[in-house]
Amino acid sequence: MEKEQLNVILNQYIKSSSLIKHSKMVAIAMEYYARIYTLPENEVSDWYAAGLLHDLDWEMYPEEHPNYSVENILPKLGVSLDVINAIKAHAPQRTNYFPNSKIETHLFACDEISGFINAVTLVRPNGIKDLESKSVIKRLKEKSFAANVNRDDIYKGVELIGITLEDHIKNLISAFSKSDLFNI
Ligand SMILES: [Fe+2]
Ligand SMILES: [Fe+2]
């Protein structure tokens with residue numbers, strides 16, 4: 001599915017600009033990794049779609065998220081089973097489906113940390129510009145900062161994709177800096 005079409009779907013289900021930004025950040029992070037692994041174009045599209053659509057039902061069905069979407073929305077959109085399973089696996093405590101394949105582990109690893117990096121940019125005068133991995137890590141240790149972000153999931157995520165937290169954050173900062181999501 002084309003990015004344009006995916007965006008139409010995103011806007012149909014999500015009205016909150018911050019959730020739209022979050023969805024786009026995770027999509028950009030996923031595409032970045034898919035390209036690092038030089039995956040074929042159809043898989044790059046799947047990784048991007050998984051990122052963009054992972055919280056599709058969060059606003060309308062917060063209690064059932066992401067099960068509502070997995071059962072009732074995604075199958076009708078024509079996205080691949082890999083995308084559906086990745087979305088299922090980003091919330092294992094709600095779906096009882098745990099991240100295993102590469103697209104699944106990467107979605108799990110990109111979700112919470114993207115939200116956290118965004119929170120860090122919001123309290124900096126320069127936003128994402130000149131943001132360093134080590135200042136994000138420092139903030140992670142501050143329990144009261146962006147307290148709703150689950151630190152355990154962040155640590156588990158990098159373990160699943162097999163890179164250091166520092167490198168993961170570096171990768172994402174570099175991906176986000178090239179996007180148009182941050183005014184720099
Ligand atoms: Fe979610
Ligand atoms: Fe999310």
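Let me begin by describing the structure that accompanies this report.

As for helix α1 (residues 3-13)
Logical step 1: Along α1, the positions that sit buried rather than exposed are L6, I9 and L10. Seen along its axis, α1 keeps its buried residues to an arc of 100°; they face one direction. Of the exposed residues in α1, those oriented more than 90 degrees away from the buried face are E4 and Q12.
Logical step 2: Turning to α1, the residues buried within the fold contact α2 (17-36), α3 (41-53) and α4 (67-77).

Details of the nonpolar core
Logical step 1: Counting residues in hydrophobic clusters, the biggest one holds 59 residues, and the most contacted among them are F116, I117 and F176.
Logical step 2: The element best represented in this core is α2, accounting for 10 residues.
Logical step 3: The residues contacting F116, other than those within four sequence positions of it, are V136, R139, L140, F145, A146, V149, R151 and I154.

Side note on the environment of S114
Logical step 1: Of note, S114 is situated in helix α7 (residues 102-122).
Logical step 2: For S114, a relative accessible area of 0% puts it in the buried group.
Logical step 3: For the pair S114 and L10, spaced 104 residues apart in sequence, the C-alpha to C-alpha distance is 18 Å.
Logical step 4: Not counting chain neighbours up to four residues away, the residues in contact with S114 comprise M25, V26, A29, L172 and F176.

Here we look at the side chain of K21
Logical step 1: Within the secondary structure, K21 sits in helix α2.
Logical step 2: Comment: no salt bridge for buried K21; closest opposite-charge side chain is D180, at 10 Å.
Logical step 3: In contact with K21, other than residues within four places in its own chain, are N118, L181 and F182.

Basis of the calculations
Think of each chain on its own: its residues are numbered from 1, step by step along the sequence as written. Written order determines the labels here, with chains lettered from A and ligands numbered from 1. A pLDDT threshold of at least 70 governs which residues receive local features in this predicted model, and a stricter bar of 80 or more applies before side-chain atom pairs are shown or counted, although totals over entire chains, interfaces and linings include all residues. Only hydrogens and water are removed before side-chain values are computed, so all heavy atoms of the structure are retained for them. Exposed residues in this analysis have more than 50% of their type's maximum accessible area, buried residues have under 20%, and partly exposed residues fall in between, with area computed by a 1.4 Å probe over protein chains only. Starting at the N terminus, helices and strands are each numbered in turn, a helix being any DSSP run of H or I of at least four residues and a strand any DSSP run of E of at least two. The arc in question is the one traced by the directions running from the helix axis out to the C-beta atoms. Should any heavy atoms of two residues lie within 4.5 Å, those residues are counted as being in contact. Side-chain atoms within 4.5 Å are what join buried Ala, Val, Leu, Ile, Met, Phe, Trp, Tyr and Cys residues into a set we call a nonpolar core. In this tally, Lys and Arg are treated as positive and Asp and Glu as negative; His is ignored, and so are the chain termini. Salt bridges, as used here, are contacts in which a Lys or Arg side-chain nitrogen is within 4 Å of a carboxyl oxygen on Asp or Glu.

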